[in-house]
Structures are given as structure tokens and as C-alpha cells.
Amino acid sequence: MNKFIEITVTTTHLGGELVSDILWNYTESGVVINDVQDVIQLANEGKTWDYADESIFNADRTVLVKAYFESSTAKDVLKMVEAELYDLKSRSPLDLGTLEIIKREIDGDKWREQWKEHFRPIHIGKIVIVPEWIDYKENDGEIIVLLDSNMAFGTGEHETTSMCVEYLCEYVKPNQTVIDVGCGSGILGISALKLGAKEVIMTDIDECAVTATEHNMALNGVKNGKVLLKNLLDDQTVKGNIIVCNIMAELLIVFSTGIGKNLLDDGIIILSGILTDRLDKVKTAYENSGFKFVSQKIKGEWSALVMQKVAK
């Protein structure tokens, strides 16, 4: 029977996604974020199970991020993970908690089914994000986006992703080209295609993200999507009516001076991944680069913006 090592990192709500990104660099076997605040958010929005025990609203807010590794490589992987977590904590202004690592050995592949139990269909506007192993019967007017969450990256539960999908539902029109910067799982680009975009160009600098996006595109049977392993800012020939960018606020600010070259006149850019205390800085950076403010959303501690390029 195969042996696996489960690594659990103790962090906070703000650190969950950051720790998850690190762990995904070293495994294709699965990462799970146990965050009660996500459950509370879904419960408050009526997007979770029929009943949520009221005790969760007073539960411990410690976040546990779990990943699984073959025992033969786990020792070396653990050293690299420890180094990356140390680096993350030393340079991040966020409260990331203790980042304590706990490990245990697991027999066989039972965990492969256990971690899937954490996923449910997520309703975001007319889009429903459905894990590919769940047999979901769609209702009239719903658009199903299948996602193999075993591949990596966003599943739609996080506020930053859900706000992007909500904005895509509002702004995507036929005959438009959409650009998804930092595509991850491809959830945003695939949603745009299913919402009727003429073409979607998805870019990422991570080969695993490109692989995950191509896999999920095939799973959904979508056409007219192109996945590129590159930094969008290195290619000014790629232009769209809408750019959606769900990355850290600091990178969004850096992108503000150049990303307009990839946007057609009067096009819009959807910006997410912004902690609310950095919202004004991001907005100001884009206004200084020739964009005008259109809209904003706030969910929990996260924000999203829509900015429009002003034709010269």
C-alpha cells in the first residue's frame, strides 16, 4: 500500500491562499484549505448547505492548509516548503499566524476521496462552478463551469475569484475579446467563454497553471480560448475589450503603467485580489495611468475594482 505524508500549515484567513500557492508548487496530489470564515461567508450569502450550525460563528478562526506528498520525496519537499514559508513571513506585512508545520503519515489513497468532500457547487450569478466529479443537474438559466480542483488554483470559493466572476457576468458581451491575466485554473477565462465572449486569451507565468487551464478547458469543451505561458506585459500585440486580473495589489499597481497597452479604447479592466486597506492605492495608480473609476465591490477583507480606459 502506498504511503503519503500529509503536511498541515497553521495560518490565518489572509494567509490561506498564499500558503496554498506555495504548497501547490510541490504537489499535484491535492491541497485543502480548512477555513471556517469561508463557510461563514457562504452561509451569510445563502450559498452553502441548507443549515449551518450556529457554533461555527464563534469557532476558532485558525486556518489549516493541508497538502499531500509521496513519502519518498516528502523529506526534501518539507525543507523547501519551510524555506518558502520563512521567506513569505519575513517579507509579508500581513498577519500570517504561526505558519507551524505538522506532518503525519497516511496509508493508501483514501485521502484522495476525503479531500473531495470539501467541495460543493458554487453559485456566482448565473455561473455555477461544479467540481467535475459531482453530478449536478443545472437549472434554467444557469451556466455550468466544470472544474477539476485536483489540478490546482482557484475554485471560486474565495471572495477575490467570486467578485471577478460576478463582474464578468455583468460586462462580457458577444464579439468581445477577454484577457485573463494570471489564469490559474482557468476559471475566469472559461467563465468568460461560456458567457459568450468571442475569444479569450489566458496568460500565466506558471507552467502548472497553463497545464491546469488547458485541462479545464478540455473538460468544459470550450473553443476560442488560447493559453499562453508568458507575462502579458511582454506582448503588446495581445489586445482585448476586457482584462481580468486577480493577483496581489502590489503587482496590480506595478501593472498599472503598462497594461493599458493591451486594452482597447474604452475597454475595462477588472482588478481583484486587493485587500481593502490597499484599495485606494490601486485605484489611484490606475487613475494616474489614464483609467477612470467605474465600480467596486467589497467582500469581507477583499475588494475588486472596475476601471475603464479613457480614449485619447
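About the cut-offs
- Residues numbered from 1 in each chain as written.
- Predicted model: local features only at pLDDT ≥ 70, side-chain atom pairs only at ≥ 80, totals over all residues.
- Heavy atoms only, no water.
- Pairing = 2+ DSSP bridges.
- Helix = DSSP H or I, 4+ residues; strand = E, 2+ residues; numbered from the N terminus.
- Axes fitted to C-alpha atoms, helices over the stretch in contact; angles between N-to-C directions.
- Salt bridge = Lys/Arg side-chain N within 4 Å of Asp/Glu carboxyl O.
- Buried < 20%, exposed > 50% of the residue type's maximum accessible area, 1.4 Å probe, protein only.
- Contact = heavy atoms within 4.5 Å.
- Parallel < 35°, antiparallel > 145°, perpendicular 65-115°, else oblique.
- Left-handed = near helix turned anticlockwise from the far one by under 90°.
- Nonpolar A, V, L, I, M, F, W, Y, C, P; charged D, E, K, R; others polar.

It is worth spelling out the sheet that holds strand E6 (residues 127-131) at this point. Sheet strands line up and pair through hydrogen bonds in the backbone, either parallel or antiparallel. Strand order across the open sheet formed by three strands is E5-E6-E7, with mixed pairing between neighbours. Only two strands of the sheet have a single partner each, and these edge strands are strand E5 (122-124) and strand E7 (143-147). The average undirected angle you get between the axes of adjacent strands in this sheet is 25°. By the bridge criterion, five bridges tie E6 to E7 in an arrangement that is parallel. Residue pairing for E7: Pro-131 is matched across the bridge by Leu-147.

Turning next to the pattern of salt bridges. Tallied over the full model, the rule gives ten salt bridges. Glu-6 is the partner of Arg-104 in a salt bridge, and the nearest nitrogen-oxygen pair spans 2.6 Å. You can see Arg-104 sitting in strand E4 (residues 101-107) and its partner Glu-6 sitting in strand E1 (residues 3-11), a full 98 residues away along the chain. The buried category is assigned to Glu-6, whose relative accessible area is 5%. Residues joined in a network through salt bridges with shared partners are Glu-6, Lys-66 and Arg-104.

On to the sheet that holds strand E11 (residues 240-246), then. Read across the sheet, seven strands follow the order E10-E9-E8-E11-E12-E14-E13 without closing on themselves; strand pairing throughout is mixed. A strand with exactly one partner marks an edge of an open sheet, and here the two such strands are strand E10 (225-229) and strand E13 (291-299). When strand polarity is set aside, the average angle formed by the axes of neighbouring strands in this sheet is 15°. Pairing of strand E12 (residues 263-275) with strand E14 (residues 302-309) involves seven bridges; the strand directions are antiparallel. By the bridge assignment, Ile-269 is partnered in E14 with Met-307. Its contacts with the sheet place helix H6 (residues 187-194) against strand E8 (177-181), strand E9 (199-204), E10 and E11, and it is angled at close to 180° to E9.

Once that is clear, we can look at the packing of helix H1 (residues 16-24) against helix H3 (residues 71-91). Running from amino to carboxyl end, H1 crosses H3 at an angle of 150°, the nearest separation of the two axes being 10 Å. When the axis of H1 is compared with that of H3, the two are roughly antiparallel. The crossing of H1 and H3 is right-handed. For the pair formed by H1 and H3, the contact residues are Leu-18, Val-19, Ile-22 and Leu-23 on the first element and Val-81, Glu-84, Leu-85 and Leu-88 on the second. When the residues that make up the contact of H1 with H3 are grouped by side-chain class, the tally is seven nonpolar, no polar and one charged.

A word on the environment of Phe-291. For Phe-291, the location among the structural elements is in strand E13. Distance in space between the C-alpha atoms of Phe-291 and Ile-269 is 9.1 Å, their sequence separation being 22 residues. Filtering out sequence-adjacent residues up to four positions away, Phe-291 remains in contact with Ser-256, Ile-259, Gly-260, Leu-263, Ile-269, Tyr-286, Met-307, Gln-308, Lys-309 and Val-310.

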